[in-house]
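Structure assessment
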Amino acid sequence: MKKVVLDQLRETFYEERLPNGLLIRVIPRPDFAKTYSFFATDFGSIDTKFTMDGKVYETPAGVAHYLEHKLFDMPDGNVMQQFSALGGSPNAFTGYSMTAYHVESTENWRENLELLLRYVSTPYFTEESVEKERGIIAQEIRMYEDSSGSRMYENLFAALYQHHPIRVPIAGTVESIQDITAQTLYDCHKAFYDPSNMMLCVAGPVDPELVVESARNILPKTPGGVGGRDYGPAEPLTAEKMARVEQNMEVSMPGFTVAFRCDTPKTGADILRQELVGDLAAELLVGESTAFYTKLYEDGLIDCDFSAGYEGVKTLGMLSIGGDSNEPERVVDAVLKEAERLGREGADEALFQRLKRSAFGRRIRELDSFENICYRMCQSTFEGAFYYDFPDLYRSITLDETVRMIRDTVVPQRAALSLIYPNAKG
């Protein structure tokens, strides 16, 4: 295996790419008691249309999440009981662009790892088991529909974009999952669960060579094909006016999120850079260290849950700002005016440098979390970047570059506003 030493981060990991295309990274931590194994595929809820072996597939919304649920079934039963016998704590999640399976353990780390590899790479679906799961997932979807936080973001994405599959909730809809069959799941597993489209990351008191040996023994020896994704035509960056969507729910006070479409870089390193710049732009515009934030807070327009940040998903990028407020549209108007002022007048260099040091420190502290390390490694790799480049990227980011993102991005023509209001009292 290749040993990678990152002196400035005091971090060491081992890396190997198997003949089947799987990238493996192992972070040995001999003094730790816990081992964390993270097996991810570059496949998420937005990957509903793809081409495989010359055939075009258009799958129902929610299929990636459905597949995540059903992979826990094996020919010899559900794997949860097997993990329990080994002292492992497994879980999984589906995002817009990634599905990941992971297990924590303080004993039997290799047995837990091998069970993880075996069940994720072994599709086993029957029409009966798929049908049985339908009611469980429909109940989960209804739970999301009753969550004001979930509804706010789902409404936001539907307003912000015209046709991209991010407009549809990750779990799909109660209607869309009715069309998912065992064959649908097999098709998606074949298209995206190939080792060449996946990454394995293990952190803890482990022997890197044994991790590689387990992957070699269990997974296919050679790569297969990977589906070619289709997200439709490029989304327009601007519209004539700010899009807006409003919903009433059982909440105690109004909540809002406003998001602004960002230019999206095409190369991996630039995607990572834009994430870092975007987070700094959000901090410089409305972060807790700014006089603007203080004024909003003292005027009673926002509370401590107010937040802002950058999110990137494949071909999309956005700056989002939101929280609870009795006057959400007044907050949004103030944000737009502050962005225009910053774009015109610039910002204080000393404040920017403090914000940059703080953001860098947060990234460093994330390295203490196995879950964060593994997630970040896989996410950046699937985007074509190397996550540990972030220290050099931070050093090269300038105040002018950050202000330019605010000036060009935080404008009504790039925005959508999602509002949740309390139900009217009868």
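Note: the structure precedes this text.
Here is what the cut-offs are and how they apply
- Residues numbered from 1 in each chain as written.
- Predicted model: local features only at pLDDT ≥ 70, side-chain atom pairs only at ≥ 80, totals over all residues.
- Heavy atoms only, no water.
- Helix = DSSP H or I, 4+ residues; strand = E, 2+ residues; numbered from the N terminus.
- Buried < 20%, exposed > 50% of the residue type's maximum accessible area, 1.4 Å probe, protein only.
- Phe/Tyr/Trp six-rings, centres within 6.5 Å; stacked < 30°, edge-to-face > 60°.
- Pairing = 2+ DSSP bridges.
- Salt bridge = Lys/Arg side-chain N within 4 Å of Asp/Glu carboxyl O.
- Expected span 1.5 Å × (residues − 1).
- Bend = angle between axes of the 7 residues up to and from the residue.
- Contact = heavy atoms within 4.5 Å.
- Axes fitted to C-alpha atoms, helices over the stretch in contact; angles between N-to-C directions.

A closer look at the environment of Ile46
Here Ile46 is to be found in the loop between strand S4 (35-41) and strand S5 (49-52). For Ile46, a relative accessible area of 0% corresponds to the buried category. The spatial distance from the C-alpha of Ile46 to the C-alpha of Ala138 is 19 Å, given a sequence separation of 92 residues.

A few points about the packing of aromatic side chains
Applying the stated criterion to the full structure yields 27 aromatic pairs. Where Phe72 meets Tyr119, the ring centres are 5.0 Å apart and the plane angle is 35°; that geometry is what we call tilted. Within this pair, whereas Phe72 is found in the loop between helix H1 (63-70) and strand S7 (73-74), its partner Tyr119 is found in helix H3 (residues 109-120), the two being separated by 47 residues in sequence. In this structure Tyr119 comes out as buried when scored by relative accessible area, which is 0%. Look at Phe360 and Tyr394: their rings are 5.9 Å apart centre to centre, the planes differ by 90°, and that puts the pair in the edge-to-face class. One end of the pair, Phe360, is in helix H11 (residues 349-366); the other, Tyr394, is in helix H13 (residues 390-396), and 34 residues separate them in sequence. The buried category is assigned to Tyr394, whose relative accessible area is 3%. The structure contains a cluster of three or more aromatic residues connected by ring pairs, namely Phe43, Phe50, Tyr57, Phe72, Phe83, Tyr101, Tyr119, Phe192 and Tyr193.

Brief notes about the pairing of strand S16 (residues 316-324)
Summarising burial for S16: eight of the nine residues are buried, a large majority. With seven bridges joining them, strand S14 (residues 255-261) and S16 adopt antiparallel strand pairing. Within the sheet, the bridge partner assigned to Gly255 lies in S16 and is Asp324. Bridge count for strand S15 (residues 307-313) against S16 is seven bridges, and the pairing is antiparallel. Within S16, the position partnered with Ser307 by the bridge is Gly322.

Brief notes about the pattern of salt bridges
Considering all chains together, one arrives at 33 salt bridges under this definition. The residue Glu58 makes a salt bridge to Lys49 at a minimum N-O spacing of 4.0 Å. A relative accessible area of 63% means that Glu58 is categorised as exposed. Exposure remark for Lys49: the relative accessible area of 29% places this residue in the partly exposed category. The closest approach of N and O atoms between Arg363 and Glu275, which form a salt bridge, is 3.0 Å. Remark: Glu275 occurs in helix H8 (residues 268-286) and Arg363 occurs in helix H11; sequence separation between them is 88 residues.

A short note on helix H4 (residues 127-145)
Compared with the 27 Å implied by 1.5 Å per residue over 19 residues, the 27 Å span of H4 between its first and last C-alpha is a close match. The largest bend in H4 comes to about 25°, at Arg134. Buried within H4 are the following residues: Ser129, Val130, Glu133, Arg134, Ile137, Ala138, Glu140 and Ile141. On its buried face, H4 sits against H1, S7 and helix H6 (182-192).

Some thoughts on the pairing of strand S17 (residues 415-422)
S17 sits mainly inside the fold: seven of its eight residues count as buried. Two elements, strand S13 (residues 243-249) and S17, share seven bridges in a ladder whose sense is parallel. If you follow Val245 over to S17, its bridge partner there is Ser418.

Notes on the sheet that holds S4
Spatial ordering of the open sheet is given by S1-S2-S3-S11-S4-S10-S9, a layout of seven strands whose pairing is mixed. At either margin of the open sheet sits one strand with a lone partner, and together these are strand S1 (2-6) and strand S9 (88-94). Sheet twist, expressed as the mean angle between neighbouring strand axes with direction ignored, is 15°. As paired elements, S1 and strand S2 (residues 11-17) share five bridges and run antiparallel to each other. Within the sheet, the bridge partner assigned to Lys2 lies in S2 and is Glu15. Against the sheet, H3 engages S4, S9, strand S10 (99-105) and strand S11 (198-204), with an angle of about 160° to S10.

It is worth stressing that arrangement in space is one thing and function is another; only the former is reported here.
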